[in-house]
Amino acid sequence: MVAPKKKNREISIGDLKQGMVITAYTSFTSRYRPMDKVTSDFIRHNFRNTRAIINRNGIKQDIPIQYVSPGDDLLRIHSFPPELKKLITVNKPFIKELQKRGMIGFQIKVGMEIADESRRDLKELIKLVEQTSNKPRKSPSIIQEKKQEKIEIVNTLIRKVRESHEVRNKTAASIENTMDQIRKGKINISEIQQFAKQIIQSASEDAMTALTGLRQSDQIYAHCVDVGAIFQATYFKILERKGTRSAFQNQYDAILGALLHDLGKAKIPKSIIDSTEHFDKNSRATQILRSHPVFGAEMLARMNMPNSIIDMTHYHHVKQDTAMLSSYPAGVDFKDVLFETRLLSIVDIYQALVGKRNYKKSWSPPSTMRYLNALAGVEYDLKVWEQFLQVMGIYPKGSLVELNDDSLGFVMSVPNPGKDLESPLVAVIRNSQGEDMAHHDIIDLSVEKDIKIVRDIDSQDVFGDHALDVFTSISVS
Ligand SMILES: [Fe+2]
Ligand SMILES: [Fe+2]
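Parameters and conventions
- Residues numbered from 1 in each chain as written.
- Chains lettered and ligands numbered in written order.
- Predicted model: local features only at pLDDT ≥ 70, side-chain atom pairs only at ≥ 80, totals over all residues.
- Heavy atoms only, no water.
- Helix = DSSP H or I, 4+ residues; strand = E, 2+ residues; numbered from the N terminus.
- Buried < 20%, exposed > 50% of the residue type's maximum accessible area, 1.4 Å probe, protein only.
- Contact = heavy atoms within 4.5 Å.
- Areas by Shrake-Rupley, 256 points an atom, 1.4 Å probe, with all protein chains shown as cover.
- Lys, Arg positive; Asp, Glu negative; His and termini not counted.
- Charge placed at Lys NZ, Arg CZ, Asp CG, Glu CD.
- Axes fitted to C-alpha atoms, helices over the stretch in contact; angles between N-to-C directions.
- Parallel < 35°, antiparallel > 145°, perpendicular 65-115°, else oblique.
- Left-handed = near helix turned anticlockwise from the far one by under 90°.
- Phe/Tyr/Trp six-rings, centres within 6.5 Å; stacked < 30°, edge-to-face > 60°.
- Lys NZ or Arg CZ within 6 Å of the ring centre and 35° of its normal.
- Donors = N, O, S within 2.8 Å, 3.2 Å for Na, K, Ca; no water.
- Tetrahedral: all angles 85-135°; square planar, octahedral: opposite > 155°, others 65-115°.
- Pairing = 2+ DSSP bridges.
- Salt bridge = Lys/Arg side-chain N within 4 Å of Asp/Glu carboxyl O.
- Polar contact = N/O pair within 3.5 Å; in protein donor to acceptor, adjacent residues only side chain to side chain.
- Domains from an automatic or database assignment.
- Buried area = accessible area lost by both parts, 1.4 Å probe.

**Some words on the overall build of the protein chain**
Part 1 of the argument: Helix and strand counts for the protein chain come out as 18 helices and eleven strands.
Part 2 of the argument: The principal-axis extent of the C-alpha atoms belonging to the protein chain is close to 100 × 45 × 40 Å.
Part 3 of the argument: A burial count over the protein chain gives 52% of its 477 residues as buried.
Part 4 of the argument: Look at the contacts in the protein chain between residues 6 or more apart in sequence, and 70% of them connect residues 24 or more apart.
Part 5 of the argument: Total accessible area on the protein chain is roughly 22,800 Å²; 50% of this is exposed by carbon and sulfur atoms.
Part 6 of the argument: Each charge class in the protein chain can be summarised by its mean position, and for the 67 positive and 59 negative side chains these summaries are 4 Å apart.

**Comments concerning the packing of helix H15 (residues 365-375) against helix H16 (residues 382-392)**
Part 1 of the argument: H16 packs onto H15 with a crossing angle of 160 degrees between their chain directions and a minimal axis gap of 11 Å. Considering the angle they form, H15 stands roughly antiparallel to H16. Viewed along their axes, H15 and H16 form a crossing whose handedness is left-handed. Within the contact between the two elements, H15 uses Met 369, Leu 372 and Asn 373 and H16 uses Trp 385, Phe 388, Leu 389 and Met 392.

**What about the packing of aromatic side chains?**
Part 1 of the argument: For the structure on display, the rule yields 15 aromatic pairs.
Part 2 of the argument: An angle of 70 degrees between the planes, with centres 6.1 Å apart, marks the rings of Phe 47 and Phe 80 as edge-to-face. Separated by 33 residues along the polypeptide, Phe 47 in the loop between helix H1 (37-46) and strand S3 (51-56) and Phe 80 in the loop between strand S5 (73-78) and helix H2 (92-101) bring together distant segments of the chain. For the pair shown, Phe 47 and Phe 80 are each scored as buried.
Part 3 of the argument: An aromatic cluster is present here, built from Phe 231, Tyr 235, Phe 236, Phe 248 and Phe 339 joined pairwise through their rings.
Part 4 of the argument: When the ring centre of Tyr 252 is taken as origin, the NZ or CZ atom of Lys 197, which lies over that ring, is 5.7 Å away.
Part 5 of the argument: Here Lys 242 stacks its cationic end above the ring of Phe 339, 4.0 Å away from the centre of that ring.

**As for the coordination of the iron ion (ligand 1)**
Part 1 of the argument: Protein coordination at the iron ion (ligand 1) comes from Asp 262 (OD), His 292 (NE2), His 316 (NE2) and His 317 (NE2), with a distance range of 2.2 to 2.3 Å.
Part 2 of the argument: Taken together, the four donor atoms coordinating the iron ion (ligand 1) span angles of 83 to 172 degrees at the metal, a pattern that classifies the geometry as irregular.
Part 3 of the argument: Spacing between the donor residues of the iron ion (ligand 1) along the chain follows D-x29-H-x23-H-H.
Part 4 of the argument: Here the iron ion (ligand 1) and the iron ion (ligand 2) are spaced 3.4 Å apart, linked through Asp 262, which binds each one. With His 292 in helix H12 (residues 292-302) and His 317 in the loop between helix H13 (307-315) and helix H14 (339-354), the pair connects residues that are 25 residues apart, well separated along the chain. Take His 292 and His 317: they sit in the same class, and that class is buried.

**Regarding the coordination of the iron ion (ligand 2)**
Part 1 of the argument: His 223 (NE2), His 261 (NE2), Asp 262 (OD) and Asp 348 (OD) make up the full set of protein donors to the iron ion (ligand 2), lying at 2.2 to 2.3 Å.
Part 2 of the argument: One can describe the donor arrangement at the iron ion (ligand 2) as irregular, given that its four donor atoms subtend angles of 78 to 170 degrees at the metal.
Part 3 of the argument: Donor residues for the iron ion (ligand 2), ordered by position in the chain, follow H-x37-H-D-x85-D.

**Brief notes about the pairing of strand S10 (residues 436-444)**
Part 1 of the argument: Bridging between strand S9 (residues 425-430) and S10 involves five bridges; their strand directions are antiparallel. Residue pairing for S10: Val 428 is matched across the bridge by Asp 441.
Part 2 of the argument: Between S9 and S10, which follow one another and run antiparallel, lie five residues, and Gly 434 among them has a positive phi close to 85 degrees.

**Digging into the pattern of salt bridges**
Opposite charge on two side chains permits pairing when their charged atoms draw close.
Part 1 of the argument: Tallying each qualifying case throughout the model produces 24 salt bridges.
Part 2 of the argument: A salt bridge links Asp 441 to Arg 48, with the nearest nitrogen and oxygen atoms 3.9 Å apart. Taken as a pair, Asp 441 in strand S10 and Arg 48 in the loop between H1 and S3 lie far apart in primary sequence, 393 residues in all.
Part 3 of the argument: Overall, Arg 48 belongs to the buried group, its relative accessible area being 8%.
Part 4 of the argument: With its nearest N and O atoms 2.7 Å apart, the salt bridge here joins Asp 226 to Arg 168. Of this pair, Asp 226 sits in helix H8 (residues 221-242) while Arg 168 sits in helix H5 (residues 140-183); the two residues are 58 residues apart in sequence, bridging distant segments of the chain. Each member of the pair, Asp 226 as well as Arg 168, carries the same accessibility label: buried.
Part 5 of the argument: One continuous salt-bridge network, built from bridges that share partners, spans Lys 37, Asp 41, Arg 44 and Lys 147.

**So, the environment of Tyr 315**
Part 1 of the argument: Summarising the element assignment, Tyr 315 is placed in helix H13.
Part 2 of the argument: For the pair Tyr 315 and Ser 327, spaced twelve residues apart in the sequence, the C-alpha separation amounts to 9.3 Å.
Part 3 of the argument: Apart from the residues within four sequence positions on either side, Tyr 315 is in contact with Val 332, Val 337 and Thr 341.

**Concerning the side chain of Ser 345**
Part 1 of the argument: Within the fold, Ser 345 resides in helix H14.
Part 2 of the argument: At 2.8 Å, the side chain of Ser 345 and the backbone oxygen of Arg 342 are in polar contact.

**Things to note about the domain arrangement of the protein chain**
Part 1 of the argument: Domain parsing of the protein chain yields domain 1 (8-137), domain 2 (143-392) and domain 3 (400-472).
Part 2 of the argument: Across the boundary between the two partners, domain 1 contributes seven residues, which contact eleven residues of domain 3.
Part 3 of the argument: Of the roughly 810 Å² buried between domain 1 and domain 3 on both sides combined, carbon and sulfur atoms contribute 33%.
Part 4 of the argument: For the pair domain 1 and domain 3, the interface holds two salt bridges.
Part 5 of the argument: We note a salt bridge from Arg 48 to Asp 405, for which the minimum N-O separation is 3.3 Å.
Part 6 of the argument: Our enumeration of links across domain 1 and domain 3 arrives at one residue pair in polar contact (both at pLDDT 80 or more).

Have a look at this one:
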């Protein structure tokens, strides 16, 4: 009688050879029996959309991997989807990684010859695996604490974005109202002053910075609020790093100056301000628009505003290379432009590109950062730019990114200055199969080294007007 042909066979890690194809992971070191929180999170994240056989409270169960929990004994991982090809195709670095992770038994597709010589080393390899898995690791309580910290970062940002959204809209409405009043000859900025105080007291500039990329902005009013928030969010962090004094008397003056930077637009005819046309650089309309810094500075001087605030309004369109056509007003020496104003000019263009305009599509925050990076040193002060970049990150908070496992996530926290800016904290909202997730995973790319950002996406291209709703519905625990 002929024995039925076996399709798969079980082997140990020492018998794995380059080119073999794994059909299941069948044996693990003691760290998986039972798993702690970190290990079960690792399994759930890296083996998404597979199934696991576990032993829970003495009962053997075959469950989708996302239901694996701390305390379970892991017995088998199987049913690999096509997108996890890299976890079933054997090569030398991968064998090392498996050893490191304490994964020591596999089922493979037959047809692959296993060289006998590998059996010789089997004992030593197993010893190595055991040693690796017994190596001192960070205590679970420290790891748990760090995870808790990250959950807290995400939840705080989401809550603050929800809260700050209203303040942003009200401040934008107040700027619009103030500008309308100025057009009627009533110059009174007390309403904006009130909102500057309210932003300091109850809103989060960090959250408002994230809002910039998640919500469409109008050309003037929400633009002013976003610029105010981003300026505030970056300016004080930069000062702290530089260890230098502020040109402003207090925090309130700093945000007020940024909110008021385009006040002079109140003196520009509405037909030009509201136009959907993108004016030619040499057109009459452009010439008129370019007088807004001077108009604004004159108004603020009449109100006896501090020089630092007037400087920001007056010179926020002055480029480092003042000979550039896009630099105005003319006749200004860049050396005389305050550090604060140099920073504001970067924030101003960042917001203008990320915010939606009548005549152009919005840009994603990371594409904007890359674009500005190329202009630094010519249009903007390189040193100021570098400080801005360290604080904002290449992927500012609220950026939508695609990871190398095809999943999508929002950036929730930017690496600390000096750390790898390519590795922020990300909340995954759509899995690698394109399904929206009810519960969201947090991945710290500075820890999960094999997960990388492959591209950034404009959140409005994917979620349209609902980008903010999707962001604020993120739930992690
Ligand atoms: Fe401006
Ligand atoms: Fe502006």
